[in-house]
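Listed below, chain by chain, are the residues.
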Amino acid sequence: MMSGHEKNQTRHKKRRFYLIAYLLPALLIYTIFMAAPILMSLRTSLYEWSGVGEKTFVGFANYIKLFTENTYSQRFFNALGNNIVMFVFMMLLQNIYGLVLAVLLTRGLRGTQFFRTIFFAPVTISVVIVGFIWSLIYNPTWGIINAALKAVGLGQLATSWLGNESTALICVSIAGAWQSIGLTIMMLVAAIQGISDDIYESAKLDGCGEWKLFTKITLPLIAPNIGMVTVLTFIGNFANSFDLIYAMQGAIAGPNYSTDVLSTFFYRTAFGAYGSFMPDMGMGATIATVMFAIVAVCVGIWLYIDGRKRKGDEV
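Given the structure is predicted, the values throughout are model-derived calculations rather than measurements.

Procedures and definitions
- Residues numbered from 1 in each chain as written.
- Predicted model: local features only at pLDDT ≥ 70, side-chain atom pairs only at ≥ 80, totals over all residues.
- Heavy atoms only, no water.
- Helix = DSSP H or I, 4+ residues; strand = E, 2+ residues; numbered from the N terminus.
- Rg over C-alpha atoms; globule rule 2.2 N^0.38 Å.
- Buried < 20%, exposed > 50% of the residue type's maximum accessible area, 1.4 Å probe, protein only.
- Contact = heavy atoms within 4.5 Å.
- Lys, Arg positive; Asp, Glu negative; His and termini not counted.
- Charge placed at Lys NZ, Arg CZ, Asp CG, Glu CD.
- Patch = residues over 30% accessible without salt bridge, like charges linked within 9 Å, V, L, I, M, F, W, Y side chains within 5 Å.
- Areas by Shrake-Rupley, 256 points an atom, 1.4 Å probe, with all protein chains shown as cover.
- Salt bridge = Lys/Arg side-chain N within 4 Å of Asp/Glu carboxyl O.
- Arc of directions from axis to C-beta.
- Axes fitted to C-alpha atoms, helices over the stretch in contact; angles between N-to-C directions.
- Parallel < 35°, antiparallel > 145°, perpendicular 65-115°, else oblique.
- Left-handed = near helix turned anticlockwise from the far one by under 90°.
- Nonpolar A, V, L, I, M, F, W, Y, C, P; charged D, E, K, R; others polar.

## A short note on the overall build of the chain
- Along the backbone of the chain there are twelve helices and two strands.
- Counted from the first residue to the last, the chain has its helices and strands arranged as α-β-β-α-α-α-α-α-α-α-α-α-α-α.
- Taking 20 Å as the expected radius of gyration for a compact globule of 315 residues, we find that the chain reaches 25 Å, considerably beyond that expectation.
- By residue count, 36% of the 315 residues in the chain fall in the buried class.
- Considering only contacts within the chain whose residues lie at least 6 apart along the sequence, 64% involve residues at least 24 apart.
- Charge-centre separation for the chain: the mean point of 22 positive side chains lies 7 Å from the mean point of 16 negative side chains.

In structure tokens, the structure reads:
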């Protein structure tokens, strides 16, 4: 007969075995398809290499060239600035518009299920199709925006939306926000529905109106979810904005690089698209590494601040 202590040890060993058995496949997949490519990219950034032939070790020369040589630094900081502008615009649009719609969709109004489906539908559409649809909407000749402006007597505001440096980036950002706002609404609806009805009932008994219920109860309780939406928007903006810009503006990210972001800059540099640069895998890997570092640092800061806040709330 085993003692109680021995039984506990056996139980802990079995539990550890099952944990390892369940986690190992995911860990292997992550290592092969995520961690290993990141390390390989970091290693490649230390070489001068066109993608074929011999590699030449140059240490941190690619990083120095990226930040100091005008040929690269001008495009890099322009792309980084566009990434930031695009993120801020999409974040504000998704959080504000998504929050309003999420609140309306939790009020039990008629047709709620239908509108939930409609708002989520763009998430399921291919990025290429989204880019094509919005390119038609923005078309200066037969696009619906210019047609609507002319119909209400504001034809002087009609312009080539994607061909104008001052409007192209905002127009692409609107298309991106439209496609992904369904996920924002879904997350915020789930968060609002997770708030206990008892909290609202107690507040109503204390005389709180709808606005106070929203500002004093709903908004503070779903603030972590809004923060998560912001972080996902930030990651998506730096990691997944290439496909939409490529579909709408091409790899050259025109006009005059006004919609250029780090991912399109990386593509042109690594593969030499449209003759902007000769193919340079070493510099491309350098740009990719810097992109990863920006995302990792910013997300790490958010996780640290969020963790400190949660500990403070528990205390």
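## Regarding a nonpolar patch on the surface
- A contiguous nonpolar surface patch, about 940 Å² in accessible area, is contributed by Ile20, Leu24, Leu27, Leu28, Ile29, Tyr30, Ile32, Phe33 and Met34.
- As for its position among the elements, Leu24 is in helix α1 (residues 4–44).

## Focus: helix α2 (residues 61–68)
- Among the residues making up α2, those that are buried are Asn62, Tyr63 and Leu66. Angular distribution of buried residues about the axis of α2 spans 100°; they occupy a single face of the element. Those residues of α2 that are exposed and aimed more than 90 degrees away from the buried face are Ile64 and Thr68.

## Describing the pattern of salt bridges
- Scanning the model with the defined rule gives two salt bridges in all.
- Glu210 is the salt-bridge partner of Arg107, the closest N and O atoms lying 3.7 Å from each other. With Arg107 in the loop between α3 (70–104) and α4 (112–120) and Glu210 in helix α9 (residues 210–239), this residue pair connects regions lying 103 residues apart in the sequence.
- A salt bridge links Arg268 to Asp260; its shortest N-O distance comes to 2.8 Å. Each member of the pair Arg268 and Asp260 is classed as buried.

## A closer look at the packing of helix α7 (residues 168–193) against α9
- For the pair α7 and α9, interaxial distance at closest approach is 9 Å and the crossing angle is 155°. As judged from the angle between their axes, α7 and α9 are roughly antiparallel. By crossing handedness, the relation of α7 to α9 is classed as right-handed. Note on element contacts: α9 touches α7 through Thr218, Ile222, Asn225, Ile226, Met228, Val229 and Leu232, opposite Thr184, Met187, Leu188, Ala191 and Ile192.
- Each residue belonging to the contact of α7 with α9 can be placed in one class, and the counts come to nine nonpolar, three polar and no charged.

## Brief notes about unusual backbone geometry
- Going from Gly254 to Pro255, the amide bond is cis rather than trans, its omega being -5°.
- Despite not being glycine, Ala253 shows a phi value in the positive range, around 55°.
- By relative accessible area, Ala253 is classed as buried at 0%.
- The phi dihedral of Tyr257 is positive, around 65°, even though this residue is not glycine.
- Tracing the backbone shows Tyr257 in the loop between α10 (242–249) and α11 (262–271).
- Residue classification places Tyr257 among the buried positions, given a relative accessible area of 17%.

## Details of the packing of α3 against α11
- For the pair α3 and α11, interaxial distance at closest approach is 8 Å and the crossing angle is 150°. Compared by their axis directions, α3 and α11 come out roughly antiparallel. Counted together, Tyr72, Arg75, Phe76, Ala79, Leu80 and Asn83 of α3 and Leu262, Phe265, Arg268 and Thr269 of α11 form the full contact between these two elements.
- In terms of residue class, the contact of α3 with α11 is built from six nonpolar, two polar and two charged.

The analysis is restricted to geometry; functional conclusions fall outside its scope.
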